[in-house]
Amino acid sequence: MQKITSARTSRKQVPAVIKVIEWNPRSVNLDIGGGRYDDSSIYLKRFKVTNYVYDPFNRTLEHNQMVMKKIIAHSGADSVTLMNVLNVIKRPQDRKAVLRLAWSTLKSGHPIYVGIYEGDKSGDGKKTRDGWQENRKTSTYVPEVGRFFKIVKTTARYIVGKRSKP
């Protein structure tokens, strides 16, 4: 469990990366760390994508359990999004746990989209008024994400990976 909560980092907006993904209609996305608002879910309905938000800091235990039951009933998520999640987690082992959860819930061969807010890009992580900010460039997360997923694409704002077979 994170020592510095990321609950206050939730924003009422659709993350920019969500808007550039080419979504598959009738797919199921698991939005890990998706926050307290449903803006992304409402946005993705336009593309006939069912979006389930799992967030231990901003959703109830009952909500998160229900989300996991739905993902299991679907035999895994067709995609996973981590939008501005890794950059608000201080400890590497906590980021690893989030990536492990993403890997375990994603169908083999399917994509994960990892959006990163780079902060001041200094590489000096620090406590903020809302929690924690790593201030790292997106490229520095590639090795962490690559431990779990085959990296398909990287840009200045996001990383795309695919789950390999176990």
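Residues numbered from 1 in each chain as written. Predicted model: local features only at pLDDT ≥ 70, side-chain atom pairs only at ≥ 80, totals over all residues. Heavy atoms only, no water.

Q: So what's going on with the pairing of strand β8 (residues 158–163)? Which residues, and what values?
A: Within β8, 5 of the 6 residues are buried, leaving the element largely enclosed by the surrounding structure. Taken together, the 5 bridges between strand β4 (residues 111–115) and β8 define a ladder with antiparallel strand orientation. Among the inter-strand pairings, valine 114 is bridged to a residue of β8, identified as isoleucine 159. Taken together, the 5 bridges between strand β7 (residues 149–154) and β8 define a ladder with antiparallel strand orientation. Note that in β8 the partner of threonine 154 across the bridge is isoleucine 159. The antiparallel pairing of β7 with β8 creates a hairpin that spans 3 residues between the two strands. (Buried < 20%, exposed > 50% of the residue type's maximum accessible area, 1.4 Å probe, protein only. Helix = DSSP H or I, 4+ residues; strand = E, 2+ residues; numbered from the N terminus. Pairing = 2+ DSSP bridges.)

Q: Report on the environment of valine 17, specifying residues and quantitative values.
A: Looking at where valine 17 falls in the secondary structure, it is placed in helix α1 (residues 16–20). In this structure valine 17 comes out as buried when scored by relative accessible area, which is 6%. Linking valine 17 and leucine 82, residues 65 residues apart in sequence, is a C-alpha distance of 10.0 Å. Excluding its chain neighbours within four sequence positions, the residues that come into contact with valine 17 are Met83, Gly115, Arg157 and Tyr158. (Contact = heavy atoms within 4.5 Å.)

Q: Talk me through the side chain of threonine 138; I want residue IDs and the actual numbers.
A: Summarising the element assignment, threonine 138 is placed in the loop between β6 (132–133) and α5 (142–146). Setting aside residues up to four positions removed in sequence, threonine 138 forms contacts with Ile116, Glu118, Thr155, Ala156, Arg157, Tyr158 and Ile159.

Q: Account for the packing of aromatic side chains, with residues named and values stated.
A: Applying the stated criterion across every chain yields a total of 2 aromatic pairs. Ring geometry for tryptophan 23 versus tyrosine 113: centroids 5.8 Å apart, planes at 55°, classification tilted. Of the two residues, tryptophan 23 sits in the loop between α1 and β1 (28–32) while tyrosine 113 sits in strand β4, which places them 90 residues apart along the sequence. The pair tryptophan 23 / tyrosine 113 is uniform in exposure class, with both members buried. Between the NZ or CZ atom of arginine 136 and the centre of the ring of tyrosine 141, over which it lies, the distance is 3.9 Å. (Phe/Tyr/Trp six-rings, centres within 6.5 Å; stacked < 30°, edge-to-face > 60°. Lys NZ or Arg CZ within 6 Å of the ring centre and 35° of its normal.)

Q: Before we move on, could you go through the pattern of salt bridges and cite the residues and values that matter?
A: Under the counting rule described, the total for this entry stands at 10 salt bridges. The shortest N-O distance in the salt bridge between aspartate 94 and arginine 91 comes to 2.9 Å. According to the relative accessible area criterion, arginine 91 is partly exposed, its value standing at 25%. Arginine 95 is the partner of glutamate 134 in a salt bridge, and the nearest nitrogen-oxygen pair spans 3.5 Å. In this pair, glutamate 134 sits in the loop between β6 and α5 while arginine 95 sits in helix α4 (residues 92–105), placing the two residues 39 residues apart along the sequence. In this pair, the class of glutamate 134 matches that of arginine 95, namely buried. Members of the salt-bridge network, linked through shared partners, are Arg95, Glu134, Arg136 and Glu144. (Salt bridge = Lys/Arg side-chain N within 4 Å of Asp/Glu carboxyl O.)

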